[in-house]
Amino acid sequence: MADLVVSAKEGLLCVPGDFYIDPWLPVERAVITHAHADHARAGHAHYLTAAPGAAVLKSRLGEISLEALPYGKKIVHNGVTISLHPAGHVLGSAQVRLEWHGEVWVVSGDYKLDPDGTCAPFEPVVCDAFITESTFGLPIYRWEAQQKIFDDIRHWWRRNAEEGRASVLFCYAFGKAQRLLNGIDSVVGPIICHGAVSELNRIYRESGVWLPPTLSVSDVSNKGDFSKALIIAPPAAAGSPWLRRFADYSDGFASGWMLLRGARRRRAVDRGFVLSDHADWPGLMRAIKATGATRVIVTHGHVDIMVRWLREIGLDASGFSTEYGTDEDDNVAMNEAVAFKESHA
Ligand SMILES: [Zn+2]
Ligand SMILES: [Zn+2]
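What follows concerns the overall build of the chain. On a plain count of helices and strands, the chain comes out with 8 helices and 19 strands. In summary, the chain has a C-alpha radius of gyration of 21 Å against a globular reference of 20 Å for 345 residues, a match within 12%. In terms of principal-axis extent, the alpha carbons of the chain reach across some 65 × 45 × 35 Å. Taking the intrachain contacts of the chain between residues at least 6 apart in sequence as the baseline, contacts between residues at least 24 apart amount to 61%. Carbon and sulfur atoms make up 53% of the accessible area of the chain, which totals about 14,200 Å². If the 35 positive side-chain charges of the chain are averaged to one point and the 41 negative ones to another, these points end up 5 Å apart.

Interaxial distance between helix H2 (residues 146-162) and helix H3 (residues 176-184) falls to 9 Å at its minimum, and their mutual angle equals 80 degrees. In terms of orientation, H2 lies roughly perpendicular with respect to H3. In this structure, H2 contributes Gln146, Phe150, Ile153, Arg154 and Trp157 to the contact, and H3 contributes Arg179, Leu180, Gly183 and Ile184. In terms of residue class, the contact of H2 with H3 is built from 5 nonpolar, 2 polar and 2 charged.

The domains assigned to the chain are domain 1 (5-141 + 277-343) and domain 2 (146-273). Between domain 1 and domain 2, the C-alpha centre-to-centre distance is 27 Å.

Below, the discussion takes up the sheet that holds strand S3 (residues 19-21). Within a beta sheet, neighbouring strands are joined by backbone hydrogen bonds and run either parallel or antiparallel to one another. The 6 strands lie next to each other as S1-S2-S3-S4-S5-S6, forming an open sheet whose pairing is mixed. Each edge of the open sheet is held by one strand with a lone partner, namely strand S1 (5-7) and strand S6 (66-69). On average, adjacent strands in this sheet sit at an angle of 30 degrees to one another, irrespective of strand direction. Pairing analysis gives 3 bridges linking strand S2 (residues 12-14) to S3, with the strands arranged antiparallel. The residue bridging Cys14 from the neighbouring strand is Phe19, located in S3. Packed on one face of the sheet, helix H1 (residues 54-61) meets strand S4 (29-32), strand S5 (46-50) and S6 and runs near 140 degrees to S5.

Reading across from one edge, S7-S8-S9-S10-S11-S18-S19 is the order of the 7 strands in this open sheet, with mixed pairing throughout. Among the strands making up the open sheet, the edge pair consists of strand S7 (75-77) and strand S19 (316-319). Neighbour to neighbour, the strand axes of the sheet diverge by 25 degrees on average, direction disregarded. Note that S7 and strand S8 (residues 80-86) share 3 bridges and pair antiparallel. Counted as the bridge partner of Val76 is Thr81 from S8. The strands touched by helix H6 (residues 281-291) are strand S11 (129-134) and strand S18 (295-301); relative to S11, the strand with the most contacts, the crossing angle is about 170 degrees. Of the strands in this sheet, S11, S18 and S19 touch helix H7 (residues 303-312), which is tilted by about 160 degrees from S18.

Membership of the largest hydrophobic core comes to 41 residues, with the highest contact counts inside it found for Ile153, Leu169, Phe174, Leu180 and Ile232. If you list the elements that add at least two residues to this core, you get S4, H1, H2, H3, strand S13 (191-193), helix H4 (195-206) and strand S15 (230-233). With 5 residues, H2 is the single largest residue contributor to this core. The residue makeup of this core includes at least three contributed by each of domain 1 (5-141 + 277-343) and domain 2 (146-273). Leu169 has contacts with Ile153, Trp156, Leu180, Leu230, Ile231, Ile232, Ala233, Gly252, Phe253, Ala254 and Phe273, leaving out every residue within four places of it along the chain.

This part takes up the coordination of the zinc ion (ligand 2). Within the protein, His39 (NE2), Asp110 (OD), Asp110 (OD) and His300 (NE2) serve as the donor atoms for the zinc ion (ligand 2), at 2.1 to 2.4 Å. Note that the zinc ion (ligand 2) binds 4 donor atoms; their angles at the metal cover 57 to 134 degrees, and the shape is irregular. Donor residues binding the zinc ion (ligand 2) come from one chain and are separated in sequence as H-x70-D-x189-H. Here the zinc ion (ligand 2) and the zinc ion (ligand 1) are spaced 4.2 Å apart, with Asp110 acting as a shared donor.

Each value, and the rule that gives it
- Residues numbered from 1 in each chain as written.
- Chains lettered and ligands numbered in written order.
- Predicted model: local features only at pLDDT ≥ 70, side-chain atom pairs only at ≥ 80, totals over all residues.
- Heavy atoms only, no water.
- Helix = DSSP H or I, 4+ residues; strand = E, 2+ residues; numbered from the N terminus.
- Rg over C-alpha atoms; globule rule 2.2 N^0.38 Å.
- Contact = heavy atoms within 4.5 Å.
- Areas by Shrake-Rupley, 256 points an atom, 1.4 Å probe, with all protein chains shown as cover.
- Lys, Arg positive; Asp, Glu negative; His and termini not counted.
- Charge placed at Lys NZ, Arg CZ, Asp CG, Glu CD.
- Axes fitted to C-alpha atoms, helices over the stretch in contact; angles between N-to-C directions.
- Parallel < 35°, antiparallel > 145°, perpendicular 65-115°, else oblique.
- Nonpolar A, V, L, I, M, F, W, Y, C, P; charged D, E, K, R; others polar.
- Domains from an automatic or database assignment.
- Pairing = 2+ DSSP bridges.
- Core = buried A, V, L, I, M, F, W, Y, C linked by side-chain atoms within 4.5 Å.
- Buried < 20%, exposed > 50% of the residue type's maximum accessible area, 1.4 Å probe, protein only.
- Donors = N, O, S within 2.8 Å, 3.2 Å for Na, K, Ca; no water.
- Tetrahedral: all angles 85-135°; square planar, octahedral: opposite > 155°, others 65-115°.

In structure tokens, the structure reads:
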């Protein structure tokens, strides 16, 4: 049987269904796994996404023709049965299950296995072929328990407050920020969020996700005592003028990339916290195994290395080249922040 999904110039194409999954060029019909910018692009005629992700997608793309499908509900398009299943990555993130003439393919999107309080937990979906991401697809990537990371952050915040300085925590605005807020779960002082983070907090709260009380940066005056405050901002905000009001502060950065302790990175912030919304190496392996798939196609990340490894354990593995980024995407923003710090040193 011909492949159910191929990599076309517009994106991953479901051939008999004549629709795309997370396409990077404008198409007629797009199934969107989640609203991170590299997966959810503007310009498609029709969008289909998991219902819990609809509000975020709209807030990012404006008025679009959007069908919101509850997790697990099946619809048929051109003879292909489509259903969406939780990917545990960010609010509304989904794996796409496609069934055609008895054959089942699953496109993972981005995923994480450890459940957190901000989105539906990852659900393994049995299939014949699994198309998996590999953002952290190297054996060196192994995450510590998230509770330990939340504890470390709380500690750092309390310590800074005791020493009379604000704590500025950089993280990706969509997903990571809310996961941190939900997980830190205690209040040493006021929590102040960058506008981009506040907007997503609003959507998460409206979706029923608990977050501690937060202030938006526009709500606080330039003068004040911020010595006990925790400020949550995307990495792109590093070095921007509004941070100056917090005077003397300690900064930290929460990202899976913090595992790479390059000298430049270490200099960039006072503290690195290794926390990713993607599966680590053991998580990727566990997820692949749980699908029971004999065929695995690896996308964005460490494609060649993972393909080689999967072949060694007897799977029919290959890669697709895609135009997805490494969304938490810090790499770019972080380099800008480092450059800023160096130029002001
Ligand atoms: Zn993502
Ligand atoms: Zn991705």
